[in-house]
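The residues making up each chain are set out below.
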Amino acid sequence: MNDNASALLVHQVPIALGDRSYLIDIGHGLLDIAPNASLPQGSSALVVSNETVAPLYLERLKKSLAPHYPRVLSVLLPDGEAYKTWESLNLIFDALLSQACDRKTVLFALGGGVVGDMTGFAAASFMRGVPFVQMPTTLLAQVDSSVGGKTAINHPLGKNMIGAFYQPQRVICDLQTISTLPERELSAGLAEVIKYGPIADMAFLDWIEQNMVALRARDPVALAHAVQRSCEIKAHVVGQDERESGLRAILNFGHTFGHAIEAGMGYGMWLHGEAVGCGMVMATRLSMRLGLVDGDFLQRITTLVEGAGLPVRAPVLDVSDNVGRYLSLMRVDKKSEAGEIKFVLIDGQGQAIVRGAPDAVVSEVIAESCAP
Ligand code: NAD
Ligand code: GLY
């Protein structure tokens, strides 16, 4: 993809989805896309970014896209999970329509998962679908959200409730962008890296434990491997179940509890990855309560999540009825069926199981997880 002297492509992960297949490029300096690189053809490119990422990387990306498109436009969204809304989405449509963009416009998402999810949704719906490319700049987006075609905005009653499955035509992960990521955001990304171990690959779980110090120090070799292995696992799962009719739900390990934390605290109070990190500890505790893993395994996951710089004690969402609040928030989870909450549980051997659990046991897990 990139033949600039300063840019180095270290891995390429294919995602096999028939005529919606694409490549994930992972490397250093990949924002400097070479003039002869293969990108979706179009009459214009619209780069969607936000007010934090744009000052760091927008001009560089626009410059490298200039040889590829007659027009390179941009639109900036307000930064943050609290802005993953209709209003922000409309800013993208405003930019597209006010600048006479047509069906041959290619959207580029330059930013983290919030920008990526909203750009993807805009691409899915503008003129009933235009091509888009993910250029993820957070660890979380590189290992998870930019891959697999889930796009969405939030609703006050539930996270990512309004959206579409719509695949990008390419994902370009420039690992150098991780150098400017705040510490807290790096930890949030590590939550989604950790999740791939217990659900799919125990050897990767071992590797993450052994390399946590290097990952937190942003060692380029460790980061490249974490992004590569995470993308491989995600590509394998999505390749078998693109629209989450079954298997793909395992990628939501920690998310049932985590989404309740995010919505219950108010979007943006806890980062998505922080909520997922804590949610994985809660889901492991539930797995233990149901006899799937032992206490040592719960301790192992707790230590790893804590070692990534993530919270392991769950927040109280409602002082008068905390358990009730968690349960009601989890009932609007997308995995729920006829009001029954489904959890992604783990067996401690690298496999995940998606199933319901008795309310009484879940209630105990919530109470224990929130205890001081
Ligand atoms: P984010 O997009 O809010 O980015 C985190 C913060 O880092 C923001 O303030 C952003 O402006 C800033 N930032 C981004 N890149 C930077 C850089 N290189 N240097 C400095 N600052 C930078 O959050 P996120 O963690 O990337 O993504 C979380 C979102 O992703 C959530 O909305 C979640 O629901 C979604 N998500 C989607 C999927 C999916 O499959 N579509 C999967 C996981 C998560
Ligand atoms: N992040 C969960 C999924 O892509 O399915």
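Residues numbered from 1 in each chain as written. Chains lettered and ligands numbered in written order. Predicted model: local features only at pLDDT ≥ 70, side-chain atom pairs only at ≥ 80, totals over all residues. Heavy atoms only, no water.

## A word on the overall build of the protein chain
- Tallying secondary structure elements over the protein chain gives 12 helices and 11 strands in all.
- Computed over the C-alpha atoms, the radius of gyration of the protein chain is 20 Å, within 12% of the 21 Å expected from 2.2 N^0.38 for a compact globule of 372 residues.
- In terms of principal-axis extent, the alpha carbons of the protein chain reach across some 60 × 40 × 35 Å.
- A total of 372 residues make up the protein chain; the buried ones form 59% of that total.
- Of the contacts formed within the protein chain by residues at least 6 apart in sequence, a portion of 74% connects residues at least 24 apart.
- Put simply, the protein chain shows about 14300 Å² of open surface, and 53% of that area lies on carbon and sulfur atoms.
- In the protein chain, which carries 30 positive and 39 negative side-chain charges, the distance between the mean positions of the two groups comes to 5 Å. (Helix = DSSP H or I, 4+ residues; strand = E, 2+ residues; numbered from the N terminus. Rg over C-alpha atoms; globule rule 2.2 N^0.38 Å. Buried < 20%, exposed > 50% of the residue type's maximum accessible area, 1.4 Å probe, protein only. Contact = heavy atoms within 4.5 Å. Areas by Shrake-Rupley, 256 points an atom, 1.4 Å probe, with all protein chains shown as cover. Lys, Arg positive; Asp, Glu negative; His and termini not counted. Charge placed at Lys NZ, Arg CZ, Asp CG, Glu CD.)

## Quick notes on the site of ligand 2
- Surrounding ligand 2, one finds Asp144, Lys150, Lys195, Lys234, Glu244, Arg248, Leu251 and Asn252.
- Asp144 is positioned with one of its side-chain polar atoms (N or O) 3.2 Å from a nitrogen atom of ligand 2.
- One nitrogen or oxygen atom from the side chain of Lys150 is found 2.8 Å from an oxygen atom belonging to ligand 2.
- Isolated, ligand 2 exposes 200 Å² of accessible area, and the fraction of that covered by the protein chains is 90%.
- Here the residues of the shell around ligand 2 sort into 1 nonpolar, 1 polar and 6 charged. (Near = heavy atom within 4 Å. Polar contact = N/O pair within 3.5 Å; in protein donor to acceptor, adjacent residues only side chain to side chain. Nonpolar A, V, L, I, M, F, W, Y, C, P; charged D, E, K, R; others polar.)

## Looking at the site of ligand 1
- The environment of ligand 1 is made up of 28 residues, and the closest members are Asp79, Glu81, Lys84, Thr137 and Thr138.
- Residue Val114 places a main-chain N or O atom 3.0 Å away from an oxygen atom belonging to ligand 1.
- For ligand 1, an oxygen atom lies 2.6 Å from a polar atom in the side chain of Thr138.
- In isolation ligand 1 has 870 Å² of accessible area, and contact with the protein removes 91% of it.

## A few points about the environment of Gly307
- With respect to the element layout, Gly307 can be found in helix α10 (residues 295-307).
- Along the backbone, Gly307 and Glu51 are 256 residues apart, and their C-alpha atoms lie at a distance of 31 Å.
- Not counting residues within four places of it along the chain, the set of residues in contact with Gly307 comprises Met212 and Arg216.

## Some details on the side chain of Thr138
- Mapped onto the elements of the fold, Thr138 is located in the loop between β6 (132-136) and α4 (139-145).
- One polar contact links the side chain of Thr138 to the main-chain amide nitrogen of Ala141, over a distance of 3.0 Å.
- Beyond its immediate sequence surroundings of up to four residues, Thr138 is in contact with Gly111, Gly112, Gly113, Ile178 and Leu181.

## Some details on the nonpolar core
- Leu139, Phe257, Tyr326 and Met330 are the most contacted members of the largest nonpolar core, which has 81 residues in total.
- For this core, the leading source of residues is helix α7 (residues 220-240), giving 10 residues.
- In contact with Tyr326, other than residues within four places in its own chain, are Ala260, Ile261, Met282, Ala314, Pro315, Leu317, Ile366 and Cys370. (Core = buried A, V, L, I, M, F, W, Y, C linked by side-chain atoms within 4.5 Å.)

## A short note on the sheet that holds strand β4 (residues 71-77)
- One open sheet accounts for 7 strands, arranged β1-β2-β9-β6-β5-β3-β4; its pairing is mixed. Each edge of the open sheet carries a strand with a single partner, namely β1 (8-15) and β4. On average, each strand axis in the sheet is tilted by 20 degrees relative to the strand beside it, whichever way the strands run.
- As judged from the 5 bridges shared by strand β5 (residues 105-111) and β6, these two strands associate in the parallel manner. Bridge pairing in β6 places Ala109 opposite Gln134.
- Sitting on the sheet, helix α3 (residues 113-125) touches β3 (44-50), β4, β5 and β6, and the angle it makes with β5 is about 165 degrees.
- α7 rests against β1, β2 (22-28) and β9 (170-174) of the sheet, and its axis sits at about 15 degrees to β1. (Pairing = 2+ DSSP bridges. Axes fitted to C-alpha atoms, helices over the stretch in contact; angles between N-to-C directions.)

## Some thoughts on the packing of helix α6 (residues 202-216) against α10
- Two numbers describe how α6 lies on α10: the axes approach to 10 Å, and their chain directions differ by 30 degrees. When the axes of α6 and α10 are compared, the pair comes out roughly parallel. The two elements α6 and α10 cross, and the hand of that crossing is left-handed. Counted together, Met202, Leu205, Asp206, Ile208, Glu209, Met212 and Arg216 of α6 and Phe297, Arg300, Ile301, Leu304 and Gly307 of α10 form the full contact between these two elements. (Parallel < 35°, antiparallel > 145°, perpendicular 65-115°, else oblique. Left-handed = near helix turned anticlockwise from the far one by under 90°.)

## Notes on the side chain of Asp241
- Looking at the element boundaries, Asp241 is found in the loop between α7 and α8 (255-265).
- An unpaired buried charge is present at Asp241: no salt bridge exists, and Arg248, the closest side chain of opposite charge, is 6.8 Å distant.
- Within the structure, the side chain of Asp241 is placed 3.2 Å from the backbone nitrogen of Glu244, a separation counted as a polar contact.
- In this structure Asp241 touches Gly246, Leu247 and Arg248, once residues within four positions along its chain are discounted. (Salt bridge = Lys/Arg side-chain N within 4 Å of Asp/Glu carboxyl O.)

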